[in-house]
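Architecture and fold: a report
Here is how the chains run, residue by residue.
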Number of protein chains: 4
Amino acid sequence: MGADHARILHRDVPHADVVMVADVDRNRAQAVADGIPGCRVASDARALIDADEVDAVLVASSDATHVEYVLACLDLRKPVLCEKPLAPTAAECAQIVAAEDAVVGGGLPLVSVGFMRRFDPGYVELKGLVDDGALGVPVMVHSVGRGVSAPAGTDELTVTGSAIHDLDIVPWLLSSPVVEVSWHAARQSPEVADRRDPQLMLLRTANGALTTVDIFLNARYGYDTRCEVVGSMASASLTEPHRVIRDEGLGRGHGYGSDWRPRFAEAYRLQNRAWVESLVSGTVTPLATARDGLQAALVADAVIASMHADGGFVRVRADAGVAGP
Amino acid sequence: MGADHARILHRDVPHADVVMVADVDRNRAQAVADGIPGCRVASDARALIDADEVDAVLVASSDATHVEYVLACLDLRKPVLCEKPLAPTAAECAQIVAAEDAVVGGGLPLVSVGFMRRFDPGYVELKGLVDDGALGVPVMVHSVGRGVSAPAGTDELTVTGSAIHDLDIVPWLLSSPVVEVSWHAARQSPEVADRRDPQLMLLRTANGALTTVDIFLNARYGYDTRCEVVGSMASASLTEPHRVIRDEGLGRGHGYGSDWRPRFAEAYRLQNRAWVESLVSGTVTPLATARDGLQAALVADAVIASMHADGGFVRVRADAGVAGP
Amino acid sequence: MGADHARILHRDVPHADVVMVADVDRNRAQAVADGIPGCRVASDARALIDADEVDAVLVASSDATHVEYVLACLDLRKPVLCEKPLAPTAAECAQIVAAEDAVVGGGLPLVSVGFMRRFDPGYVELKGLVDDGALGVPVMVHSVGRGVSAPAGTDELTVTGSAIHDLDIVPWLLSSPVVEVSWHAARQSPEVADRRDPQLMLLRTANGALTTVDIFLNARYGYDTRCEVVGSMASASLTEPHRVIRDEGLGRGHGYGSDWRPRFAEAYRLQNRAWVESLVSGTVTPLATARDGLQAALVADAVIASMHADGGFVRVRADAGVAGP
Amino acid sequence: MGADHARILHRDVPHADVVMVADVDRNRAQAVADGIPGCRVASDARALIDADEVDAVLVASSDATHVEYVLACLDLRKPVLCEKPLAPTAAECAQIVAAEDAVVGGGLPLVSVGFMRRFDPGYVELKGLVDDGALGVPVMVHSVGRGVSAPAGTDELTVTGSAIHDLDIVPWLLSSPVVEVSWHAARQSPEVADRRDPQLMLLRTANGALTTVDIFLNARYGYDTRCEVVGSMASASLTEPHRVIRDEGLGRGHGYGSDWRPRFAEAYRLQNRAWVESLVSGTVTPLATARDGLQAALVADAVIASMHADGGFVRVRADAGVAGP
């Protein structure tokens, strides 16, 4: 995703220059830099963060490195947009929140989290309908995330690496935090050996709404993100975006992407544009904050606790280590 | 289609007994009769028409035989439902209209024509929207008829055998007769050797509305019937009926039938039920009449005249041989 | 629904004569009889069941009367099609099953239950895809039942009167019985005062598949039945049947019915036809049996037990009173 | 559209600075400039074109001014992106083509025309299917352009101002120029007093394909652009892009925009980005050229000739004044 972000910033986001890139695979970094006039390859990520000509940093490295890089940016008071998850554990997220609080005090936050769905035009339209009451009050949400296939991973990684998007977007849609959750295995797909797949989660938000989260990483048929908000007066659902429908071979239909990038290309562009615009104008970032990243991690922790228990409901912990949101 | 009609009457239409069937291929007739308790095979079609226990006749034989059989039914004053076209030429249709007028005078008509689209729930709903003004006034119609492949035939057969449905249904939808037409060849499909395919026709109805008729008998992709009525305030279109949508192989879609029978199964059932109900109750048939069959043939004649000329508009002839509709 | 059934049998199902109707409201019965030549009004339901000219009985009276009438039919060895639910409680269903076993021994069953969804062309197509392996193995099902508004009722009635359809159709689709369930309240719709609405249920079938059942009887927006079967290789969903799509008022869309009758009109017709055909031919009814009715009632019992407990999973009881299916 | 273009260039297109704007209404220009740091308002369009700090010009003024401004840019050898139409008449378009030829010789063209549909992801996908043979050979096209309402205008303006998009995009899709056309009035909408609306055009491209163009500027129901390419083996159609579908009020549907801007926002962004990228990299513009603008104007001339005659087919003139494309 790092190469994609560099390309988006270069081709699609004005008022930002991509001056330096870094990657553990230097050839990969060089390939990116070759496509961007004036872009250099840093010797390593820390050198990039430290470089004087770097005013802001976008972190799209492996999850385990997020904490170190984000903290390094905070040390230098450089704005940083960190890909989700902010960190693999809620404890580390809390560490970042605390560090940011110490650095910025009451000033502009420096850390943004790449929950790009918040900028997807479909989710934005859904939230608009919720916010203006067009659906009545929201009573249920059905959130579905399916992929073609996933690299090997654990049951827990499904939650922290994939469902984390749903755990962030549902409370954002409803403007109400998740307060309790439960986790349930569906019938195991015989196509999948490494982890339980699909998985079903129930989320209860503070407003009482009940959400089902259906995650199936090896669904084979396509990359498919669905979300329905059921209101007391009306319902609204994301549609699979497509521009062309084909009639062929005794059928009528349209295609799915094979991964998330075409589906969320516009969301990434709008997110990164919003980030740059907030930096240029010196205003509060409209992206997810470190606290949002922490909150999603706390919900993920509760889901995993339910997974490790009997599937009963588990309360989401309010983190004692940092002030409440 | 004869076997289908016998099955529909037996399984789906109450208050009618299928007592006799005939077919030039006696084995085929026998196969149909075997599926219907009490049904006998006639030695030939005339024997069936003449049989005392036969109260009404459904003609689904080859087009060229329609006139003879319908006239034979009229001679015996037996109600007859004749598959479209009523006859291959307008002149023969006029002969039937005249014969029926002579037989029934001002009484109940005996001849019905199998323009089953008039009973398709989609077309019926479309006509309801037109009739109640929900679309404003209708200004344009787009009528599309596509099939997977067609047996060999002439350019003219496309008009008299296939487009004839559109030539009947559009004026029925608009309650306004077709007054002039033009015919145009599209680019020839390289898949088709026997006749020009696809073909495009323009129809002008008396109310001024302009209709495009797109007929492509060898469209390969599926059997597909479309119709949009564009009104001055709103538009309405048939949808391809389907009950299930499938997600598979990086796509989302639904199927087409390979011919017209699944698409119009409900229309045939409702048409045949309406026919039997009118016979049982002794009321006027709500099906297309002989005059409707003649009128469609006159429009087809004009389309073929345009085909044989330069594609300019040709007026539809009012038939002098019979009283006006 | 009784009037609808009489009309369906008279107009849409051959080889059956509707000779007698009964209703607690005699005027209503008379109105139905007036539309059917030769149909008489019985003095009461028992008189109808007892009448010599009545060969088979369709029970569409209030739920509480089902047991009495079905047992009366069994006494006379008359085939009976009983609207769902077979009886309000599993115990009563078991009583019917036992009575039927006693009457017919190893012979043809006499009792059919009106789970008409089994004849809906959409569900039939879905089941075909499951059965032929087109989806891989089924791993999850999402079943949704929503209505515009419901008369007052209890939380439990939502389960026994409405969700009962889902509790029957899901194991039928998967050819696997429901073995455990849980029940969850969603956020209460402020539009609804009488009972908890919407409700969410989870079903685990013996094959391991996990099903969500979302029931919202006062969803306001339309009568809407959805079902998705998620397989290990592909997914398939019911579509809302519609024949026409309208473009008007800055929108494009199609309509919902305001209740279940238009949505399942074809299912009722095909169910009732199948029932009559099995009676005429003396073959086993393809409709749901008394044992299916009992099984759905046992699942409903478990759902209600979860509702009355803490929402944890509850095993579905195997009924000791009758032999296993 | 000028304000939109300025905003797009400022917010969505990197590597371009909007340094100056002009408008006959100076207040309107000032409002645009106020939203763009460093942007000045020119005293008039010619002053803007002449300004040293202006390297390239985007012309979105009234149609009648296009020729003057484009020629002024050519005089100064400044690249210019001119909104469609390039000029109101084919003769003026030819004048621009000749002027550009004189200025650039065999060098990079300076004039681009804002036929933004060529950058719409839907049309691009359609063209990809045509080009790679996925549809077989294209045999028919149905192109539909409808709007909610239009300001007063003449019959001819419908062709030169609106249908011009279809006259450009169809030959672009098919890689085959339009060689003959005909024009037909549909039934006049009683909502429209100023001009004939809707109008229907037939286009024959050099490859033999036949296209229908249905233009209805006052269709009331929404801004709706449709295009189906029918091939010998398959068909493909644009879909109305939408992100959310709503269930409410006994219906299910999605919205239309009230004008073209939301529908083609992405096309404008991608077009303008492509223009800037070609300027920055010194490569040939991938936008429509002056010759494309001329070609569309010649087709429009032929359509209007058919309108003024009897609706018969009219050959598209090859313009003698400039070398062939």
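Look up a bit, the structure's there.
Let me begin by describing the structure that accompanies this report. (Residues numbered from 1 in each chain as written. Chains lettered and ligands numbered in written order. Predicted model: local features only at pLDDT ≥ 70, side-chain atom pairs only at ≥ 80, totals over all residues.)

What follows concerns the relation of the copies chain B and chain D. With an axial shift of 0.0 Å and an RMSD of 0.0 Å, the rotation relating chain B to chain D amounts to 180°. Accordingly, the operation relating the two chain copies is best matched by a two-fold axis. Considering only C-alpha atoms, the part of chain B nearest the rotation axis is Gly312(B), at 3.3 Å. In this assembly the copies share their binding face: 100% of the residues contributing to the interface of chain B also contribute to that of chain D. (Least-squares fit on C-alpha atoms with pLDDT ≥ 70 in both. Contact = placed C-beta atoms within 7 Å.)

The transformation that overlays chain A on chain C combines an axial shift of 0.0 Å with a rotation of 180°, and the residual RMSD is 0.0 Å. Counting the interface residues of chain A, we find that 100% of their copies in chain C are interface residues as well, pointing to one common contact surface.

Quick look at helix 4 (residues 66-75) of chain C now. All names here are of chain C. Considered for burial, the residues of helix 4 that qualify are His66, Val67, Val70, Cys73 and Leu74. The arc that holds every buried residue of helix 4, seen down its axis, measures 130°, which confines them to one face. Close packing links the buried residues of helix 4 with helix 3 (45-50), strand 3 (57-59), strand 4 (80-83), helix 5 (90-104) and strand 5 (111-114). Phi for Arg77, located one or two positions after helix 4, is positive at around 55°. (Buried ≥ 20, exposed ≤ 12 C-beta atoms within 10 Å, placed from the backbone. Helix = DSSP H or I, 4+ residues; strand = E, 2+ residues; numbered from the N terminus. Arc of directions from axis to C-beta.)

Right, let's get into the interface of chain A and chain C. Interface size is commonly expressed as the accessible area that is lost once the parts come together. Each partner contributes to the interface: chain A provides 27 residues, whereas chain C provides 27 residues. Within the residue set of the side of chain A that touches chain C, elements represented by two or more residues are strand 6 (138-146), strand 8 (199-205) and strand 9 (210-216) of chain A. Per-element accounting of the side of chain A that touches chain C gives the leading share, four residues, to strand 9 of chain A. Residue composition of the side of chain A that touches chain C, grouped by class: 15 nonpolar, eight polar and four charged. (Nonpolar A, V, L, I, M, F, W, Y, C, P; charged D, E, K, R; others polar.)

Let us now look at the sheet that holds strand 5 of chain C. Residues and elements named next belong to chain C. Spatially, four strands are ordered 3-4-5-14 in an open sheet, and the strand pairing comes out mixed. The strands lining the two open edges of the sheet, one partner per strand, are strand 3 and strand 14 (288-289). When strand 5 meets strand 14, the two strands line up antiparallel, connected through two bridges. Its bridge partner lying in strand 14, Ser112 is registered against Thr289. (Pairing = 2+ DSSP bridges.)

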